[in-house]
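Chain residues, written in single-letter form:
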Amino acid sequence: MNNALLDRQAIHDELERARTTFHRLLDNAAEDDLRRPTDGTRWTNEQLLFHMLFGYILIRPLLFLLRIFGRLPRGVSRAFAGLLNAGTRPFDAVNYLGPLGGAKVFGRRRTGIAFDRVINSLHRRLDTEQEADLTLAMHYPTRWDPFFREVMTIADLYRYPTQHFDFHRRQLTLADEGH
């Protein structure tokens, strides 16, 4: 097996680990657990769980952008990333407010269903990726997220939401997380 196939399987494994963990956290949480503040954020556990889901939802539009910018001269994506970095304050506000409403609208049951749907979708998309496309790359707004690197490939983008997930998991204060 070549490295791309090994990486592809590793990504599938990461997605499944996140799915199992997410459902364990969501399904085992009492209502009081979900309303409890998190450690290091202004969200409740329920809102942070929604934010963790949203990290996976964002991959589809990010893949779309990468497929466009990855075929253009690198300076174009560098300029775009610079523009996005300049808009960090509005992004931060939307990034904070989104989970406040999302958790209310989705609730526990629909959040779990949405997580399964997005993970299944990412598995299917990853399986259909051409090997050459996995190396397409563009610049990213590094001020938007600590897991955005200056230049990211499609393969990197598939790994991003689980890095984001693992980071935020440590901020949850759910009873079975040992906080």
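Structure's up top.
Residues numbered from 1 in each chain as written. Predicted model: local features only at pLDDT ≥ 70, side-chain atom pairs only at ≥ 80, totals over all residues. Heavy atoms only, no water.

**Student:** Explain empty space enclosed by the protein to me, please; I cannot follow it from the model alone.
**Tutor:** By rolling a water-sized probe across the atoms, one finds the places where empty space is left. Scanning all chains against the criterion turns up 1 cavity of 30 Å³ or more. Every residue lining the largest cavity is listed: L26, E46, L49, F50, A103, G107 and T111. When residues of the lining of the largest cavity are traced back to their parent elements, those giving at least two are α3 (45-57) and α6 (88-128). Across the lining of the largest cavity, the residue classes tally to 4 nonpolar, 2 polar and 1 charged. (1 Å grid on protein atoms, 1.4 Å probe; cavity = no way out; pocket = protein on both sides within 12 Å on 5 of 7 lines; lining within 4 Å. Points joined across faces, edges and corners; volume = space filled by probe spheres on them. Helix = DSSP H or I, 4+ residues; strand = E, 2+ residues; numbered from the N terminus. Nonpolar A, V, L, I, M, F, W, Y, C, P; charged D, E, K, R; others polar.)

**Student:** Is there a simple way to think about the pattern of salt bridges in this case?
**Tutor:** Pairs can form between side chains of opposite charge once their charged atoms are near each other. Per the counting criterion, the structure on display carries 11 salt bridges. Between E14 and R159 there is a salt bridge, and its shortest N-O distance comes to 2.7 Å. With E14 in helix α1 (residues 3-28) and R159 in helix α7 (residues 154-169), the pair connects residues that are 145 residues apart, well separated along the chain. For R159, a relative accessible area of 25% gives the class partly exposed. Here R19 makes a salt bridge to E16, at a shortest N to O gap of 2.9 Å. Pair noted here: R19 and E16 are both in helix α1, with a separation of 3 residues, about one helical turn. Its relative accessible area of 13% is what places R19 among the buried residues. Salt bridges here are not isolated pairs; linked through shared partners, they connect E16, R19 and D116. (Salt bridge = Lys/Arg side-chain N within 4 Å of Asp/Glu carboxyl O. Buried < 20%, exposed > 50% of the residue type's maximum accessible area, 1.4 Å probe, protein only.)

All we've got here are geometric facts, nothing functional implied.
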